[in-house]
Amino acid sequence: MRFFVTSLIGFMLLALPAQANTKDFVSTFTLENGMEVVVIEDHRAPVVTQMVWYRAGSADEWPGTSGVAHFLEHLLFKATDKMESGEFSATVARNGGRDNAFTSYDYTAYFQRVAADRLELMMQMESDRMVNIRLTEADILTEREVIIEERNQRTENNPGALFNEQKRAAQYLNHRYGVPVIGWRHEMEALDLDAALAYYKRFYAPNNAILVVAGDVEPEAVKALAEKYYAVLPANPELGKRARPSEPPQTAERRMVFRDARVAQPYVSRSYLAPERDSGAQKDAAALTLLAELLGGGTTSYMAEKLQFETQKAVYTSAYYDGDSLDDTSFALIVVPAKGVSLAEAEEAMDDVLVSYIERGVDAEALARIKMQLRASQIYARDNVGALANLYGQALAIGLTVEDVQAWPDVLQAVTADDIIAAAKRVFKVESSVTGYLMTPKGDAS
Amino acid sequence: MKALALALTTWLIALPVFAGVDIEEVTTPGGLTVWHVEERSIPFVALELRFRGGASLDAPGKRGAVNLMTGLIEEGAGELDSRAFAKARDALAASFSFDVHDDALTVSAKFLTENRAEALALLRSALVEPAFDDASIERVRGQVFSAILSDAKNPSDIAGAAFDKRIYGTHPYGSDLSGTIDSVTALTREDLLAAFAATVARDRVYISVVGDISAAEVGPMLDELLGELPEKGAPLPTVAAPVFDGKTVVVPFETPQSVAVFGQPGIPFDHPDYFAAYLLNVSLGGGGFESRLMDEVREKRGLTYGVYSYLVGKDGADVWQGSVQSANNRVGEAIAVIRDQWARMAESGVTAGELQDAKTYLTGSYPLRFDGNGPIANILVGMQFQGMPLDYIETRNDRVNAVTLEQINRVAREWLKPELLSFTVVGQPEGL
């Protein structure tokens, strides 16, 4: 993204996934060229968010060009046939709005937040850059420096981020989820105009895009504008099926140690390969979503209870699962040991907790509390229509449908204690795991 | 391209009609002032409390007491220990967050209409009878230590702390509100109780309530919630006297990309030149891709991912501040470009076009902020905290539009001080 990347969410950030049973104010339709449209109404304020999502992210890149999806995202703010470089954002700003974009493994998205009566202008400009960018060599050279500084800021200056990058690379043996969204530095340095344009021509087309319009709008009016600006763009017949290398059976436990003098707080983390949400089959992902909350979702979770309150071996614990992924995702755990507790002891304590949790089973009260919070999150979610736009756009970009999104809250509520333990047993397999220690250099006492 | 440009200009004529945010000022039977907006479409309420003083009320030698105390407010209250409290809150699906910064201790709460009374009773117990039990103190103290150690190895945190120390000196703003390992180690339960009594009091609280609740219900609700708090807290801290020497100071730290924080004297919110300065900052480095700093440092030269300037308004100090991050071998050039742009802006100000762009951006984006109960509650409590009148929202865009080119360029000459612009750089910068 130009300013921030939600895909590179820090390990420490964990919240209940936003749920929304929004059937009443969401409408959908598909344009003749295959572009899907979702309209989410919220008439409380005269504001609209337009998002265009492409079903193309870093995991769709060709080998050797890591970072090109994100690089192209930056370059889409340069010139088109109709606009000068920088004119897009300048025009949004002159209309009192803000715009930005972000890239993840499975998608790239562009958005503007602006007064509702400016929607047509936003559509005019967004549809223009879907097909009309005009890049120069100078754009490439300067913007490549910018993304390298972005990598410096996000990754090179942050030992935790460098550690995560290595862990992902170890988790995926074959899938490009093991390659960072921002790109490997040596490949970023070689990204050129041809690589950017090849990606653009292949993936930027209406039949590979989803339009989400959320806010103070009427579906019929959005439809008329979408017909005018997006429906006239030709579909790309060469797009083809979205197929990426899949993981072979994972048969070897992986263990790694990452050392850096800038590490202030050593910790141990473990990730397991895990199934993702699939269209029409979201039950396993729902069970894992609840498992992550029960195990490590805050101060009332099992890991916090055992390791932070009872034995006090940890200052922080967390479990994390994100099922919003096109292909296999991961289920991750982290334990930050208390003073005087080694990483080996912390890991042993973490393993003991996993074993005892499966033996002991799900606490009925804890499950009821989380289901109550999930129900409430549907109410709170309606206060943030921009987040709802994100929810739908992301789901459609990873192969789910509007029906899947709307069924998800019920799928979560239907998960039983047995489902959760069964899911835990299937996922916690040592041979598909990566265990990492983040440490200071040998001999560094700090 | 011409055709599109024409089409664009026609769009610029009408600015959006302002969103109706109908604020009512409620005085509770117990004498508290509350700003309230009734919004019935979603069955929940957002509540914001802000207690003036915050971490600056740390007693001498007790740095970090208010911060540690804030971390403990939610760790057990009344009959409930830490975990029982968290379970009760989660079972209600209420959310409470307690935070502290230099000038205020803040409480943000959201709760459902269906269990409002229970959620408020729980919040009340946290605010009126927090436990501060020994086990929780030690656990949270360990978390604070972890944060202090992490900040000490994070270049952005090091830069912020070094810059603050340099300009604010011994004033509380000059040191990290978390305290040091030594100062936090020495804190006792009595220190935390004293910090609580100093900070959480009725004479310094600002309140907003937005959502599914009537004005008539707001008064009794707040009196119940805050009625038992002490009337008076500790005296508010004295103002700071930030010092700027105009130099570039390097703090060595082994990392590939340097982090620079920079600043010069700022401008108070109640000064007649404030809105001109605010507009000037939009053109200078105010966050958009169109600002001069972003254009010169990022778009033209690729020296950074982001460069920003902003007006910092604290209770006891005003600073015109900014930040940039750039590789060790390029940060020197980035700083030179920023200094040059700062001087150019001071000398010749903005163009009529830049002023117009900044105005249409600020006035057009203002209504976009009011797009949910949570955001509105946050804005309303901030307005009270800054001493804004109830009708500020309706007059704010007029104040922006009233700024003339002559005024903004006079403000650029008088308020921008390139010779005082001071940089603190953390990293291994080359050639500085």
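Residues numbered from 1 in each chain as written. Chains lettered and ligands numbered in written order. Predicted model: local features only at pLDDT ≥ 70, side-chain atom pairs only at ≥ 80, totals over all residues. Heavy atoms only, no water.

This brings us to the overall build of chain A. Within chain A, the secondary structure is distributed over 15 helices and 11 strands. Its C-alpha radius of gyration of 23 Å places chain A within 12% of the 22 Å reference for a compact globule of 446 residues. Here the C-alpha coordinates of chain A stretch approximately 65 × 50 × 40 Å along the principal axes. Every one of the 446 residues in chain A was classed for burial, and the buried ones make up 63%. Only carbon and sulfur atoms are counted for the fraction: they give 53% of the accessible area of chain A, which is about 16100 Å². Averaging the coordinates of the 45 positive side-chain charges in chain A and doing the same for the 63 negative ones gives two points 2 Å apart. (Helix = DSSP H or I, 4+ residues; strand = E, 2+ residues; numbered from the N terminus. Rg over C-alpha atoms; globule rule 2.2 N^0.38 Å. Buried < 20%, exposed > 50% of the residue type's maximum accessible area, 1.4 Å probe, protein only. Areas by Shrake-Rupley, 256 points an atom, 1.4 Å probe, with all protein chains shown as cover. Lys, Arg positive; Asp, Glu negative; His and termini not counted. Charge placed at Lys NZ, Arg CZ, Asp CG, Glu CD.)

A few words on the sheet that holds strand 5 (residues 108–115) of chain A. Residues and elements named next belong to chain A. Here six strands make up an open sheet; going across it, the order is 1-2-6-3-5-4 and the pairing mixed. Lying at the two open borders of the sheet, with one neighbouring strand each, are strand 1 (26–30) and strand 4 (98–103). For this sheet, the mean angle separating the axes of adjacent strands, direction not counted, is 15 degrees. Here six bridges tie strand 2 (residues 36–41) to strand 6 (residues 209–215), and the two strands are oriented parallel to one another. For E41, the partnering residue across the bridge sits in strand 6 and is G215. (Pairing = 2+ DSSP bridges. Axes fitted to C-alpha atoms, helices over the stretch in contact; angles between N-to-C directions.)

This paragraph deals with the domain arrangement of chain B. Residue and element names in this part refer to chain B. Each assigned domain of chain B is listed with its residue range as follows: domain 1 (17–226) and domain 2 (248–427). At the interface, 34 residues of domain 1 touch 38 residues of domain 2. Together, the buried faces of domain 1 and domain 2 total about 3300 Å²; carbon and sulfur atoms form 70% of this surface. Summed over the shared surface of domain 1 and domain 2, the result is two salt bridges. In this structure, the salt-bridge partner of D102 is K314, at a minimum N-O distance of 2.5 Å. Linking domain 1 with domain 2 are 10 residue pairs in polar contact (both at pLDDT 80 or more). Those elements that place two or more of their residues in the side of domain 1 that touches domain 2 are strand 2 (33–38), strand 3 (44–52), helix 6 (155–168) and strand 6 (205–211). (Domains from an automatic or database assignment. Contact = heavy atoms within 4.5 Å. Buried area = accessible area lost by both parts, 1.4 Å probe. Salt bridge = Lys/Arg side-chain N within 4 Å of Asp/Glu carboxyl O. Polar contact = N/O pair within 3.5 Å; in protein donor to acceptor, adjacent residues only side chain to side chain.)

L280, W320, I338, W342, L380 and L416 of chain B are the most contacted members of the largest nonpolar core, which has 68 residues in total. Among the domains, domain 1 (17–226) and domain 2 (248–427) of chain B are the pair contributing at least three residues each to this core. Ignoring any residue separated from it by four or fewer positions in sequence, one finds I338 of chain B in contact with F262, L293, V297, V307, V324, L421 and F423 of chain B. By size, the runner-up hydrophobic cluster in this structure holds 55 residues, among which are M35, V37, L76 and M125 of chain A. (Core = buried A, V, L, I, M, F, W, Y, C linked by side-chain atoms within 4.5 Å.)

What follows is about the confidence of the model for chain B. Residue and element names in this part refer to chain B. Averaged over all residues, the pLDDT of chain B equals 94, while 95% of them reach at least 70. A low-confidence stretch, residues 1–18 stays under pLDDT 50, and its non-local contacts, those more than four residues away or across chains, total 30 contacts. If you check the scores for this complex, the pTM reads 0.93 and the ipTM reads 0.91. (pLDDT = per-residue confidence, 0-100.)

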